[in-house]
Protein chains: 2
Amino acid sequence: MKQASEQLSTAPKETVREDDRVCVDLRIVLLTVANGQLLVAVLPGAERWQLPRGIPFAGVPLDSAARSLIRESTELHEQYLEQLYTLSVRDADRWIIVVSYLALIATDGGLPEPMANWQPADTVSLSEADTKVLEYAIVRLRAKLGYTTIAYHLMPESFTLSELQASYESVVGLSLDKRNFRRRVIASGMLESLPEKRRDGSHRPAQLYRFRADHDPAAFLTPSWAGDA
Amino acid sequence: MKQASEQLSTAPKETVREDDRVCVDLRIVLLTVANGQLLVAVLPGAERWQLPRGIPFAGVPLDSAARSLIRESTELHEQYLEQLYTLSVRDADRWIIVVSYLALIATDGGLPEPMANWQPADTVSLSEADTKVLEYAIVRLRAKLGYTTIAYHLMPESFTLSELQASYESVVGLSLDKRNFRRRVIASGMLESLPEKRRDGSHRPAQLYRFRADHDPAAFLTPSWAGDA
DNA sequence: CCAAAAGTGTTCTCGATACACCCATGT
DNA sequence: ACATGGGTGTATCGAGAACACTTTTGG
């Protein structure tokens, strides 16, 4: 019932009975940005929405379990998956262990096929535990946006700098200075400009960019967004 | 066997059999600093040392389980406990889920009673999984040292600035500039000076400090230590 | 008077911020 | 010609890093 070697020496005082074993529950915060809103994938629950969830099988690594959970919620493959945190929450009369993941999906303008429902991340109504997990996911995403190239996973193949800035703004919830934003994002070296421009309305066409194939996903951009409106 | 409500709606395709349930194993990285070395608490294992570990019981929150594990390794109460990461590792023919914690204990000069063994963190020989966990713990501790007052949990009640600097240096593994270090740590406002000084040898006595009772544990110090020797 | 650690200030560089106007296009 | 979003440059400020000498004590 337990695997051998290592953990016998300091095993807890009593033997583990079968139903003393803890329950592990995976929860996925699957985010995307569309029309200037940060959206989260949710499924209908008893009374409220709930995050996509599931119980991992033994014999399967956690990340794979998370990935297959996502494949049940959307037909698009996620672009990015990162473990968030493991918390224990009271559920009925037991404590269950919730392992939470952050996943990102790029939009190509429209929404990814929603087998799940997409709800605005700032207003969706979830259980207490799910709300905590969602909030933490947003904190992490905001932080990483500042010093990594994680935005890559939220953008389509090519985009204008204004579109990139709009995505940043929907995630951080602030408006940023156009000139400073461009300087930073260009200076970071994570982008390359494409030969084409996009004509889009009765105004000057916009240069298109994409993320460089070799962009370092851990590359530092610059760590602070403070100070703007 | 499973608790009701929430997770039925997206339950995995097949029903969960009893022994499909995953095993969860807690591991604690318990660190301290003594005589200029970063030490980790370990227990004798089959061939190598191993991190204190144990299986959490259902019905007990994870953090409590971690705390009681620590109480089995040392008589001192830990000063600080923080969850690190949850990873799945292959063990025999199953994947087990390892939830890792970072704990800190202050030294008062000598070592805390070692029911566990204290080994230098940079040379101790552990299993592959334990090594990964230890390395990650050190990365986290180093990072947090830069922008939080986490050092508090490694220091005795009162100390000199040189002692504090020495602790920082043993953790980050770099030597720091004395003047810059002092300026930063003073400017951060996390310390207060005591009326006493410590006479210590044939040289000028050193001012004693302690952490302010109301120091904000999340207070920013300053995020980088680069550039020194 | 010598050894040993404590303590102290200034200069420089660089990244972050604030801020306002001209450009290309469609109607 | 005008409305619309695209695109650009400069001045200021503050944080971090580099760097060397004086002070106080005990022996």
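Scroll up to find the structure.
Residues numbered from 1 in each chain as written. Chains lettered and ligands numbered in written order. Predicted model: local features only at pLDDT ≥ 70, side-chain atom pairs only at ≥ 80, totals over all residues. Heavy atoms only, no water.

Our next topic: the packing of aromatic side chains. Residues and elements named next belong to chain A. One pass over the structure, following the stated rule, counts 8 aromatic pairs over all chains. Ring geometry for Phe159 and Phe211: centres 5.4 Å apart, planes at 50 degrees, overall tilted. On the criterion of sequence distance, the pair formed by Phe159 in strand β8 (residues 159-160) and Phe211 in strand β10 (residues 206-211) is long-range, its members being 52 residues apart. By the ring-pair criterion, three or more aromatic residues cluster together here, those being Tyr152, Phe159 and Phe211. (Phe/Tyr/Trp six-rings, centres within 6.5 Å; stacked < 30°, edge-to-face > 60°. Helix = DSSP H or I, 4+ residues; strand = E, 2+ residues; numbered from the N terminus.)

Taken as a whole and judged by the stated rule, the model has 0 disulfides over all chains. The closest cysteine sulfur to the non-disulfide-bonded Cys23(A) is located on Cys23(B), 12 Å from its own sulfur. Judged by relative accessible area, Cys23(A) falls into the buried class, the value being 6%. (Disulfide = S-S within 2.5 Å. Buried < 20%, exposed > 50% of the residue type's maximum accessible area, 1.4 Å probe, protein only.)

Take the sheet that holds strand β10 (residues 206-211) of chain B next. Residue and element names in this part refer to chain B. Ordered in space as β8-β10-β9, the 3 strands form an open sheet in which the pairing is antiparallel. Each of the sheet's edge strands pairs with one partner strand only, and the pair in question is β8 (159-160) and β9 (191-198). Bridge count for β9 against β10 is 5 bridges, and the pairing is antiparallel. Counterpart to Glu192 in the pairing with β10 is Arg210. (Pairing = 2+ DSSP bridges.)

Let's shift gears to the sheet that holds strand β9 (residues 191-198) of chain A. Judged by pairing direction, the sheet is antiparallel, and its 3 strands sit side by side in the order β8-β10-β9 (chain A) without closing on themselves. At either end of the open sheet lies a strand with only one pairing partner, and these are β8 and β9 of chain A.

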